[in-house]
Amino acid sequence: MGNYYQEAIDLKIAYSWDTKEWSRRTGIRQDILTAVESGTAPDDKVLLQVILTETKQGRDRDTKNLKRFSKPNIVAVTLHKGGGGKTTVTLNLAASLASMGYNVLVIDSDSQMDATSNLLGTRDNQDQNLFNALSSGSDIRAQIVQTPYPRLDLVPSSINMASMESLISVRTHQGQDALSLFKVCTKPLVDENYYDFVFIDMDKTIGKLNETILNGCTHLLMVAECAVFHVKGIGVMFSQYNRVRNAGNPGLKLLGVILNKVPSKQSIVSIVNEVLDGLHPGLRFQACIREDNKVVKSQWNRELLFEQKRRCRARRDMEEVTKEFLTRIDTV
């Protein structure tokens, strides 16, 4: 390839950017720019022109509002109760952060594969999926696929994830350290520090699979409706959070609870807020996602909220949740 992209590389060096900053300034995927620097990118005149143009224009773009992290924030999104919009919030939070310029990975650990089908448009069993990594204890990076959204990648799920619970139990009975399985598979990803955020869309159980995932996470985030059974599910997850911290992951941080599908009836909301505030001070996000038909419509159309018009209430709510999420990442 020679110095095919050298002019763009020289500009990046002159601006004193590292590769992550180069990506943020240009909006070009970091892995593409890494290939350019390493000499493995194709000799593509169109790509070269795009990189040159965006690099020159990128000098005037302000990225100071984007945070830098020494390692990926690995966030488990879960609740011991289904139907609260956990997957919807996970996808929209991840997409919102990616649209801001962060590198984001979603890991779908649910055998229902809702996150996978939403981002890829199919529930077909993917050749690359989480089951491949966990069943073999191998590098999870080999299972990553690109989505149609810039800077948003996915580790798909598989119907075979339904058997992981028993597989982990068998390995545990055989004396293997099965509860470190997820941590082992994600260690190369953590060491690489390419992604700013990794979100795991978990199922609603509290079994061995979720325990091994939580054992390899840095943060726990819950999503719930303003309903009595969801509030009970928060209590169950809070107990599991404490067990995981005591059993092997003392650094696991609780980000809090995002209330979703919040009704207009304030008396119900006040009751839920009072219960959550009594359970753990600061547990409840101040920002929430209100009931909105646009959310339901976006699910049917496989659209994400940041693609909606700015006057869309659900989009505005998601933006506020994202802002508070970034604040909590720094403070919890």
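Calculation notes
- Residues numbered from 1 in each chain as written.
- Predicted model: local features only at pLDDT ≥ 70, side-chain atom pairs only at ≥ 80, totals over all residues.
- Heavy atoms only, no water.
- Helix = DSSP H or I, 4+ residues; strand = E, 2+ residues; numbered from the N terminus.
- Rg over C-alpha atoms; globule rule 2.2 N^0.38 Å.
- Contact = heavy atoms within 4.5 Å.
- Areas by Shrake-Rupley, 256 points an atom, 1.4 Å probe, with all protein chains shown as cover.
- Lys, Arg positive; Asp, Glu negative; His and termini not counted.
- Charge placed at Lys NZ, Arg CZ, Asp CG, Glu CD.
- Patch = residues over 30% accessible without salt bridge, like charges linked within 9 Å, V, L, I, M, F, W, Y side chains within 5 Å.
- Salt bridge = Lys/Arg side-chain N within 4 Å of Asp/Glu carboxyl O.
- Buried < 20%, exposed > 50% of the residue type's maximum accessible area, 1.4 Å probe, protein only.
- Pairing = 2+ DSSP bridges.
- Expected span 1.5 Å × (residues − 1).
- Polar contact = N/O pair within 3.5 Å; in protein donor to acceptor, adjacent residues only side chain to side chain.
- Phe/Tyr/Trp six-rings, centres within 6.5 Å; stacked < 30°, edge-to-face > 60°.
- Lys NZ or Arg CZ within 6 Å of the ring centre and 35° of its normal.

A. View of the overall build of the protein chain. Counting its secondary structure elements, the protein chain contains 14 helices and seven strands. A compact globule built from 332 residues should have a C-alpha radius of gyration of about 20 Å, and the protein chain, at 21 Å, falls within 12% of that. With respect to the principal axes defined by its C-alpha atoms, the protein chain has extents near 60 × 55 × 35 Å. Look at the contacts in the protein chain between residues 6 or more apart in sequence, and 79% of them connect residues 24 or more apart. Total accessible area computed for the protein chain in this model is approximately 15,200 Å², and 50% of it derives from carbon and sulfur atoms. Separation of charge centres in the protein chain, based on 42 positive and 38 negative side chains, amounts to 5 Å.

B. Summary view of a positive patch on the surface. On the surface, Lys294, Lys297, Lys309 and Arg311 cluster together to form a positively charged patch. Relative to the helices and strands, lysine 294 resides in helix α13 (residues 293-300). Judged by its relative accessible area of 37%, lysine 294 is partly exposed.

C. Layout of the sheet that holds strand β7 (residues 253-259). The seven strands are arranged β3-β4-β2-β5-β1-β6-β7 in an open sheet whose pairing can be described as mixed. Taken across any chain shown, the strands that pair with only one partner, and hence form the sheet edges, are β3 (145-146) and β7. Where strand β2 (residues 104-108) and strand β4 (residues 152-155) come together, four bridges link them in parallel fashion. Bridge assignment links valine 106 to a residue of β4, and that residue is leucine 154.

D. Expanded view of helix α4 (residues 45-58). Look at α4: 19 Å from first C-alpha to last across 14 residues, which is about the 20 Å you get at 1.5 Å a residue. Those residues of α4 lying buried are Leu47, Leu48, Ile51, Leu52, Glu54, Thr55 and Gly58. Along its buried surface, α4 packs onto α1 (6-14), α2 (19-26) and α3 (30-38). Where α4 begins, the capping side chain belongs to aspartate 44, and its oxygen is found 2.9 Å from the backbone nitrogen of valine 46.

E. Fine view of the packing of aromatic side chains. The full count for this structure, using the stated rule, is 10 aromatic pairs. Here phenylalanine 197 and phenylalanine 199 contribute two aromatic rings whose centre-to-centre distance is 6.2 Å and whose plane-to-plane angle is 25°, an arrangement assigned as stacked. For phenylalanine 197, a relative accessible area of 0% gives the class buried. What makes phenylalanine 199 buried here is its relative accessible area of 0%. Aromatic ring contacts, followed pair by pair, group Phe69, Tyr102, Phe197, Phe199 and Phe325 into a single cluster. Above the plane of the ring of phenylalanine 285 lies arginine 328, whose end atom (NZ or CZ) is 4.3 Å from the centre.

F. Structural context of the pattern of salt bridges. Per the stated rule, a full pass over the model turns up 20 salt bridges. One salt bridge in this structure joins aspartate 18 and arginine 68, with 2.6 Å as the shortest N-O distance. Of this pair, aspartate 18 sits in the loop between α1 and α2 while arginine 68 sits in the loop between α4 and β1 (73-78), and the two are 50 residues apart along the sequence. The exposure class assigned to aspartate 18 is partly exposed, which follows from its relative accessible area of 36%. Note that aspartate 196 is salt-bridged to lysine 20, the shortest N-O span being 3.5 Å. Of this pair, aspartate 196 sits in the loop between α9 (181-192) and β5 (197-201) while lysine 20 sits in helix α2; the two residues are 176 residues apart in sequence, bridging distant segments of the chain. Per residue, the accessibility class of aspartate 196 equals that of lysine 20, and both read buried.

G. Inspection of the pairing of β2 at higher detail. Where burial is concerned, most of β2 is hidden: five out of the five residues are buried. Here β2 shows no split at all, with Val104, Val106 and Asp108 on one side and Leu105 and Ile107 on the other all buried. Of the strand pairs in this sheet, β2 and β5 are connected by five bridges, and their pairing is parallel. Of the residues in β5, the one forming a bridge with aspartate 108 is aspartate 201.

H. Region of the structure containing the environment of glutamine 299. Tracing the sequence through the fold places glutamine 299 in helix α13. Residue classification places glutamine 299 among the partly exposed residues on the basis of a relative accessible area of 37%. Sequence separation between glutamine 299 and glycine 84 is 215 residues; the distance between their C-alpha atoms is 14 Å.

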